[in-house]
Amino acid sequence: RWKRFRDPHHIAVINYEGLFVLGRALADRYGIIIVDEVHRARNAHSATSRGLAWLSRRAKYVIGLTGSPVLEHPTDVYGVVRAVNPFAFTEDYYAWRDRLFYRGTGSQKRWTPKPGTMEHLAALLDSMSIRHTREDLPVDFPTLIQPGPIEVDLHPEVRSVYRHMERDFQAVLRDEVVLAMNVYPRLQKLSQLTHGYMRDNKGKVIIVGRSTKAGALLDFVREVRGTGPIVVWAIRHPEIAVASSVLNRCGVRHGIVCGLRTINQNVATVRLFNQGRLQGLVAHPRSIGEGEDLEASYSVRFSFSHSALQYDQPLGR
């Protein structure tokens, strides 16, 4: 790395890990720094975020590129902004957070924006950002087809269990004292039931009846099979297994990309898919690299998520 770095050149392209290898030499040599996927600096405490802030203080120009400046929570803004403009905040992270957010009480101990905070952060980002949309770019993008969600009824067996648990859940709410530790497992099991499975107290997965959601996926894959590669996005491991079994049933040769596999296995699977040697892919959004493009004809969101990151990744890929 140092030999290549010392060769005469004008531009250096490095990954985030190179920041720690080359360190001060970057600040001494370059006046312009371009940070791709700058939202990776959103964790203000991480070494990457702090290292970028240190480097930015010594550069003449810093440009950050991202499609998602805020991925999980408004507090992400601090690390992202600091990476490209470390002089934007005159206070440390904790003082900044306490000034703009307040801590919830009880079981909901999340940092909630104070009145006016979101408007302030939006104005801050707008003052230092240039935003491009599809219409601004001289690229002939393929037409994006976004059919509405496919709604299905619960399987009769699942509906029966669902109604029983729903009554149990409502009884809990009528108690004088409602403990979150009692309510949350019930909510979780209700959510699992709609996907056609449940976990027992030991974490063992029990398939409950026939999943009508899996049936809808089966019908869709049968309809489009052979017309182009398919990516099915799934978050929970039982749903990944169900989606994989559906593709198997349809005779679609596919791979799985998720946290149960090593990084090298996931990278190899994505490479096979993009080479056309796999007709399908079942993927967890967090297991696909941020800079990865999936050359697919169909992108199916089989799992729902309240995470902005897990919602945005399939769109970006």
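Since the structure is predicted, the reported quantities are computational estimates derived from the model, not experimental observations.

A. Region of interest: the pairing of strand 1 (residues 32–36). Across the two faces of strand 1 the burial differs, with Ile33 and Val35 buried and Ile32, Ile34 and Asp36 not buried at all. Relative to strand 2 (residues 61–65), strand 1 runs parallel, the two being bridged by five bridges. Pairing of Ile34 across the sheet is with Ile63, part of strand 2. Following the backbone out of strand 1, through helix 4 (residues 47–56) and into the adjacent parallel strand 2, one traces a crossover that is right-handed.

B. Inspection of the sheet that holds strand 7 (residues 230–233) at higher detail. Here we have four strands laid out as an open sheet, ordered 8-9-7-10, and parallel in their pairing. The open sheet has two free edges, formed respectively by strand 8 (254–257) and strand 10 (298–301), since each of these has just one partner strand. Adjacent strand axes in the sheet meet at a mean angle of 15° when their direction is disregarded. In the packing of helix 12 (residues 263–274) onto the sheet, the strands contacted are strand 7, strand 8 and strand 9 (280–283), and the crossing angle to strand 8 comes to about 145°.

C. Representation of the packing of helix 4 against helix 5 (residues 76–84). In contact at an axis separation of 7 Å, helix 4 and helix 5 are set at 30° when each is read in the N-to-C sense. The interaxial crossing formed by helix 4 with helix 5 has left-handed handedness. Only Gly79, Arg82, Ala83 and Val84 of helix 5 make contact with helix 4, whose side of the interface consists of Ser49, Arg50, Leu52, Ala53 and Ser56. In terms of residue class, the contact of helix 4 with helix 5 is made up of four nonpolar, three polar and two charged.

D. Broad picture of the packing of helix 10 (residues 212–224) against helix 11 (residues 237–249). The interhelical angle for the contact between helix 10 and helix 11, taken along N-to-C directions, is 35°, at an axis separation of 10 Å. The two elements helix 10 and helix 11 cross, and the hand of that crossing is right-handed. Residues Lys213, Ala214, Leu217, Leu218, Val221 and Arg222 of helix 10 form the contact with helix 11, whose own contacting residues are Glu239, Val242, Ala243, Val246, Leu247 and Arg249. Tallied by class, residues from the contact of helix 10 with helix 11 come to eight nonpolar, no polar and four charged.

E. Expanded view of the nonpolar core. With 20 residues, the main nonpolar core has Leu217, Val221, Val232, Val282 and Phe302 as its most contacted residues. For Phe302, the contacting residues outside a window of four places in its chain are Lys213, Ala214, Leu217, Val232, Trp233, Ala234, Glu239, Val242 and Ala243. Core analysis: the next-biggest nonpolar cluster, separate from the first, contains 18 residues, Tyr16, Leu22, Ala27 and Ala83 among them.

Cut-offs and rules
Going along each chain's sequence as written, the residues are numbered from 1 onward. It should be noted that, the model being predicted, local features are given only for residues of pLDDT at least 70 and side-chain atom pairs only at 80 or more, the latter also being counted only at that level, while totals for whole chains, interfaces and linings use all residues. Computation of side-chain values: all heavy atoms of the structure, hydrogens and water removed. Burial classes: relative accessible area under 20% of the type maximum marks a residue as buried, over 50% as exposed, and values in between as partly exposed (1.4 Å probe, protein chains only). Under the DSSP-based scheme used, a helix requires at least four consecutive residues in state H or I and a strand at least two consecutive residues in state E, with every element numbered from the N terminus. A pair of strands is treated as paired once DSSP finds two or more bridges between them. With its strands directed away from the observer, a crossover is right-handed exactly when the path from the first strand over the helix to the second travels clockwise. Fitting a line to C-alpha atoms yields each axis, with helices limited to the stretch in contact; the angle taken between N-to-C directions then spans 0 to 180 degrees. In what follows, a contact means two residues having at least one pair of non-hydrogen atoms within 4.5 Å. When the near helix sits turned anticlockwise from the far one by under a right angle, the crossing is termed left-handed; a clockwise turn instead gives a right-handed crossing. In this count, Pro and Cys sit with the nonpolar residues alongside Ala, Val, Leu, Ile, Met, Phe, Trp and Tyr, while Asp, Glu, Lys and Arg are called charged and the others, Gly among them, polar. In these notes, a set of buried Ala, Val, Leu, Ile, Met, Phe, Trp, Tyr and Cys residues joined through side-chain atoms within 4.5 Å is what counts as a nonpolar core.

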